[in-house]
Amino acid sequence: MRPLRAAARRAVARASALLAPARGGLRILTYHRVNAVHPQDRLTVHPDLFAAQMDWLARCGRPVVALESALAALRGEAALAEDAVALTFDDGFADNETVARPILERFRFPATFFLSTAFVGTGSTLDRYRSCCADDRMLDWSQVAALLAGGHSVGGHGRAHLELDGLPLAEARAEVEGCARDLRAGTGRPPRLFCYPRGRASAAVRALVAEAGFEAACTVRPGANRAGADALALCRTEVSGDDDLEDFALKLAGAFDGWHRLRQGLAG
């Protein structure tokens, strides 16, 4: 990120935190990749920085909870720890297991990994990295099993990572239902969590996700989630490769929520 833009963004975030401090609630963080292979990729966090972020979380005392375990609290059926944090990873890259998992387990933090199931175990990858290198492969089902055995959870991210709002309803249904079937077959467990590819979901798409048996789903709308939140439209906060620890702390405090709403509004 260019220095002037980064400085302006942080100034807006600090002012936002002072003028309208975020209230409590479950803050769901979004990651994609953790590796040292793509230093200029916004969706890739360097392992050293990721470890520093997890250390910051451990030292600041905010409870890190499994997203699945927070669903009852979001429905108002149980108490949710104040300022709880949940960690999520989108797409299903192999470095989630080989690089991120050991760091998470060093801190005993659970995470949820959202899989684009048509790519699992195929040797293929998403278009963004298709011409890059062998380190861009996706998870296979044995690695998914290792994540589950380590106390983490997996959810659906469609089959082929297609933006569901842009598909005819029948194709969107096939993507969602096929993803649910893949997860049942690959894990032996009923799927509970979904994440909309590229984050957008109309009411019709949310209905398809519920019909496929998913209990909750994540968007890219910024903010924290409180009891009574729409479980099929949960808010999240993205952590980017160009965030430093100050950015990370500001994002956890909700200081970037207004900035992100503005950017999403301008993007339509």
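Our subject is the structure listed above.
Now for a look at the structure at hand. (Residues numbered from 1 in each chain as written. Predicted model: local features only at pLDDT ≥ 70, side-chain atom pairs only at ≥ 80, totals over all residues. Heavy atoms only, no water.)

## As for the environment of Tyr196
Along the polypeptide, Tyr196 turns up in the loop between β7 (193-195) and α7 (203-211). As for Tyr196 and Cys218, which are separated by 22 residues in sequence, their C-alpha atoms are 6.3 Å apart. Here Tyr196 is in contact with His157, Leu164, Ala201, Val205, Arg206, Val209, Ala217, Cys218, Thr219 and Leu232, once residues within four sequence places are set aside. (Helix = DSSP H or I, 4+ residues; strand = E, 2+ residues; numbered from the N terminus. Contact = heavy atoms within 4.5 Å.)

## A short note on the nonpolar core
Where a protein is soluble and globular, its nonpolar side chains tend to be buried together. In this structure, Tyr31, Phe50, Met54 and Leu87 are the most contacted members of the largest nonpolar core, which totals 47 residues. Ignoring any residue separated from it by four or fewer positions in sequence, one finds Leu87 in contact with Leu29, Tyr31, Met54, Leu57, Val64, Leu104, Phe109, Pro110, Ala111 and Thr112. Judged by nonpolar contacts, the second largest core, of 15 residues, contains Leu71, Leu74, Leu193 and Cys218. (Core = buried A, V, L, I, M, F, W, Y, C linked by side-chain atoms within 4.5 Å. Buried < 20%, exposed > 50% of the residue type's maximum accessible area, 1.4 Å probe, protein only.)

## Looking at unusual backbone geometry
For Arg108, which is not glycine, the phi torsion reads 60° and is therefore positive. Topologically, Arg108 is positioned in the loop between α4 (95-106) and β5 (111-115). For Arg198, which is not glycine, the phi dihedral falls at a positive 65°. Among the secondary structure elements, Arg198 is positioned in the loop between β7 and α7.

## Some words on the pattern of salt bridges
For the coordinates displayed, the defined rule picks out 16 salt bridges. Between Arg75 and Glu77 there is a salt bridge, with its nearest N and O atoms 3.3 Å apart. Arg75 gets classed as partly exposed once you look at its relative accessible area, which sits at 43%. For Glu77, a relative accessible area of 55% gives the class exposed. One salt bridge connects Glu215 with Arg192, and the closest N-O pair in it is separated by 2.8 Å. In this pair, Glu215 sits in the loop between α7 and β8 (216-218) while Arg192 sits in the loop between α6 (169-187) and β7, placing the two residues 23 residues apart along the sequence. By relative accessible area, which is 25% here, Arg192 ends up partly exposed. Look at the salt bridges and you will find they share partners, linking Glu68, Arg75, Glu77, Arg192 and Glu215 into a network. (Salt bridge = Lys/Arg side-chain N within 4 Å of Asp/Glu carboxyl O.)

Spatial relationships are all this shows, so hold off on functional conclusions.
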